[in-house]
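Examining the three-dimensional arrangement
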Amino acid sequence: MAELRQHLIDSAQRMAAAGLNRGTAGNLSVRAGGGRAGFLITPTGMDYDALEAEDIVFMRLDGTPAGRRLPSSEWRFHRDLYVARPDAGAILHAHSPFATSLACLRRDIPAFHYMIARFGGDNLRCADYATFGTQALSDAVLRAIADRRACLLGNHGMLVLGTDLEQALALGVELETLCEQYWRACQLGEPVLLDAAEMATVLAKFASYGQQA
């Protein structure tokens, strides 16, 4: 598990390098111990560049931590998502500039671009606001991310599910890019949205997107 702990640290540092996080904001986790035992998560209040493997916290699915550090304050929605979503192998939460700006407007992101389908539907929802670290926030997240791989968190930031750390980071970068594009398009007027029929076509094509023969 030491190798997975270091991989989590490396991925967390890449979040900052990609512009998704600054300082100690956000958090990242990955399933561990065979998937059903629990998950590894970044500790609360620590700079990613200062992390050592022993700083990474193992969380059991009953909510009890193991290790020398306290887990991220947002461990609840990580735990609840791993329980509810077997497809989640890694979870990324960030306070990236454009996603957070839209989240502060409590805006869903509509089908202004076909890449919205990359996240499993014809829109990206914004979860209702709740205080960070609470069960109420976790409940709001579960509602907003149902049948999706990402959502915004009202007045807070973004959340992304990946099959592994690499995909979670890639989807986080894609989501922030879409949020920036939507924000910029809205400065010029009301974006033209793709209709339901076209999005259904795109969603079907995404079933094999990125796969090599």
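Residues numbered from 1 in each chain as written. Predicted model: local features only at pLDDT ≥ 70, side-chain atom pairs only at ≥ 80, totals over all residues. Heavy atoms only, no water.

The protein is annotated in an unreviewed UniProt entry as L-fuculose phosphate aldolase of Candidatus Accumulibacter appositus.

Side note on helix α4 (residues 135-144)
All buried positions along α4 are accounted for by L137, S138, A140, V141 and A144. Take α4 and look down its axis: the buried residues cluster within an arc of 160°, on one side only. Where α4 is buried, its residues touch α2 (75-84), β6 (126-127), β7 (150-153) and β8 (157-162). (Buried < 20%, exposed > 50% of the residue type's maximum accessible area, 1.4 Å probe, protein only. Helix = DSSP H or I, 4+ residues; strand = E, 2+ residues; numbered from the N terminus. Arc of directions from axis to C-beta. Contact = heavy atoms within 4.5 Å.)

Some thoughts on the pairing of strand β1 (residues 27-32)
Most of β1 sits inside the fold, with six of its six residues counted as buried. Because side chains alternate across β1, one face comprises the buried residues N27, S29 and R31, and the other comprises L28, V30 and A32, equally buried. Sheet analysis places β1 next to strand β5 (residues 90-94), joined by four bridges and oriented antiparallel. Within β5, the residue paired with L28 across the bridge is L92. Note that β1 and strand β2 (residues 38-41) share four bridges and pair antiparallel. By the bridge assignment for β2, S29 is matched with I41. (Pairing = 2+ DSSP bridges.)

Focus on helix α3 (residues 97-104)
Looking only at α3, the buried set comprises F98, A99, T100, L102 and A103. Buried positions along α3 lie against β6, β7, β8 and α5 (165-188). Of the residues trailing α3, R106 is marked for its positive phi of about 55°.

Digging into the packing of aromatic side chains
Evaluation of the coordinates by the stated rule reveals three aromatic pairs. Between F98 and W183, the aromatic rings sit 5.5 Å apart at their centres with planes inclined by 65°, giving edge-to-face as the arrangement. Of this pair, F98 sits in helix α3 while W183 sits in helix α5; the two residues are 85 residues apart in sequence, bridging distant segments of the chain. The exposure class assigned to F98 is buried, which follows from its relative accessible area of 19%. Ring centres of F112 and Y182 lie 5.1 Å apart, and the angle between their planes is 45°; on these two criteria the pair is classed as tilted. Taken together, the residues F112 in the loop between α3 and β6 and Y182 in helix α5 connect sequence positions 70 residues apart. According to the relative accessible area criterion, Y182 is buried, its value standing at 6%. (Phe/Tyr/Trp six-rings, centres within 6.5 Å; stacked < 30°, edge-to-face > 60°.)

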